[in-house]
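A look at the structure
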Amino acid sequence: MTESTDLSLPEPSLPSPDPQATLARLDTLSRNHLLFFRLEVGRLMLELYFGGDPVAYQSHDPKKATSFTGFLESCKEQLSELGLGELVLRRCILTHIAVQSLPPGTVERLLFSHIVELSRVEDQATRSVLALATVENQWSSRQLHDAIQAAQAGHWIDGDPAPGLQPVAPPEPEKAPQLGRVLSRFERSAEDLESLTGQWKQLAGKKLTAGQKARAKETLTRLKLQLKELEAALR
């Protein structure tokens with residue numbers, strides 16, 4: 001009997017992918033996923049609790065819907081487990097609002113941290129210029145932050161005559177604060193707050209105007225957020 005001859009062709013060997021190129025693609029996928037997720041979270045919150053209206057969210061009218069605040073309070077623990085605390089959710093809403101006015105094609109090339117910085121720029125035209133500059137010059141979030149500060153101070157955002165836009169160099173970093181002094185200030189702040197609470201109680205019965213009440217609530221919200229961050233840092 002004649003032995004059969006194997007005429008099948010050998011399988012071609014697959015090229016070995018470049019590890020750094022693979023990491024770069026994974027990094028892009030990861031960043032795009034986070035960006036998409038955070039923007040969708042912001043869109044959902046704005047749609048459900050503010051009718052999709054940015055003005056309604058940004059309004060300081062004390063009579064506006066408080067269902068969002070109620071949601072944050074009643075689901076605090078579950079939201080924390082999802083990594084979506086109040087501060088994160090509010091940033092998601094603001095970034096969703098901000099991207100609506102960005103030039104086409106820029107959002108996909110920005111990091112979520114970039115858009116967080118851009119959401120702090122109120123002027124739409126300035127925000128667009130900064131977004132384009134970030135993409136074209138591959139700025140880091142810190143460089144964008146410095147450029148935003150320059151723009152808000154009325155300075156041109158290019159801090160170098162070389163080709164391309166270079167953000168104004170940040171000021172020399174201050175010396176790290178001393179732990180003992182910071183702790184002392186921390187204690188004095190508590191004393192100041194106790195004194196302020198006492199003065200506030202003395203004003204009981206005096207009716208606040210709508211504007212004054214809105215300012216007080218906004219300040220209280222800021223204080224609560226800062227206290228949450230301090231508490232988290234001490235764990």
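Residues numbered from 1 in each chain as written. Predicted model: local features only at pLDDT ≥ 70, side-chain atom pairs only at ≥ 80, totals over all residues. Heavy atoms only, no water.

Points about the overall build of the protein
Just so we agree on the cut-off: Under the scheme used here, helices are H or I runs from DSSP no shorter than 4 residues and strands are E runs no shorter than 2 residues, and both carry numbers assigned from the N terminus. Throughout, exposure labels follow a simple rule: accessible area from a 1.4 Å probe, protein chains only, divided by the maximum for the residue type, with under 20% read as buried, over 50% as exposed, and the rest as partly exposed. Note on contacts: a residue pair is in contact if any heavy atoms of the two residues lie within 4.5 Å.
What the protein contains, in helices and strands, is 10 helices and zero strands. What you see in the protein, going N to C, is helices and strands ordered as α-α-α-α-α-α-α-α-α-α. Sorting the 235 residues of the protein into buried and exposed places 24% on the buried side. Sequence-distant contacts, at least 24 apart, represent 55% of the contacts inside the protein between residues at least 6 apart.

Digging into the layout of surface pockets
For the record, the criterion: With a 1 Å grid laid over protein atoms only, a set of points is called a cavity when a 1.4 Å probe fits there but cannot get out and a pocket when it is open yet has protein on both sides within 12 Å along at least five of seven lines; lining residues have an atom within 4 Å of a point. Grid points are joined across faces, edges and corners, and a volume is the space filled by probe spheres set on the points.
Empty space within the second largest pocket amounts to approximately 680 Å³. At the level of elements, α9 (179-202) and α10 (210-233) are the ones that each hand at least two residues to the lining of the second largest pocket. The element best represented in the lining of the second largest pocket is α10, accounting for 10 residues.

What about the packing of helix α7 (residues 124-137) against helix α8 (residues 141-152)?
What counts, and what does not: Interaxial angle, 0 to 180 degrees, is taken between N-to-C directions of lines fitted to C-alpha atoms, where a helix line uses only the stretch in contact. Put simply, angles under 35 degrees are roughly parallel, angles over 145 are roughly antiparallel, angles from 65 to 115 are roughly perpendicular, and the rest are oblique. Each crossing gets its hand from how the near helix is turned against the far one by less than a right angle, where anticlockwise is left-handed and clockwise is right-handed. Any residue outside Ala, Val, Leu, Ile, Met, Phe, Trp, Tyr, Cys, Pro, Asp, Glu, Lys and Arg is labelled polar, Gly included; the first ten of those are nonpolar and the last four are charged.
The interhelical angle for the contact between α7 and α8, taken along N-to-C directions, is 150 degrees, at an axis separation of 11 Å. It follows from the interaxial angle that α7 and α8 lie roughly antiparallel. Of the two possible hands of crossing, α7 and α8 adopt the one that is right-handed. Residue-level inspection shows T126, L130 and T134 of α7 in contact with α8, the latter providing L144, A147, I148 and A151. Grouping the amino acids of the contact of α7 with α8 by side-chain chemistry returns five nonpolar, two polar and no charged.

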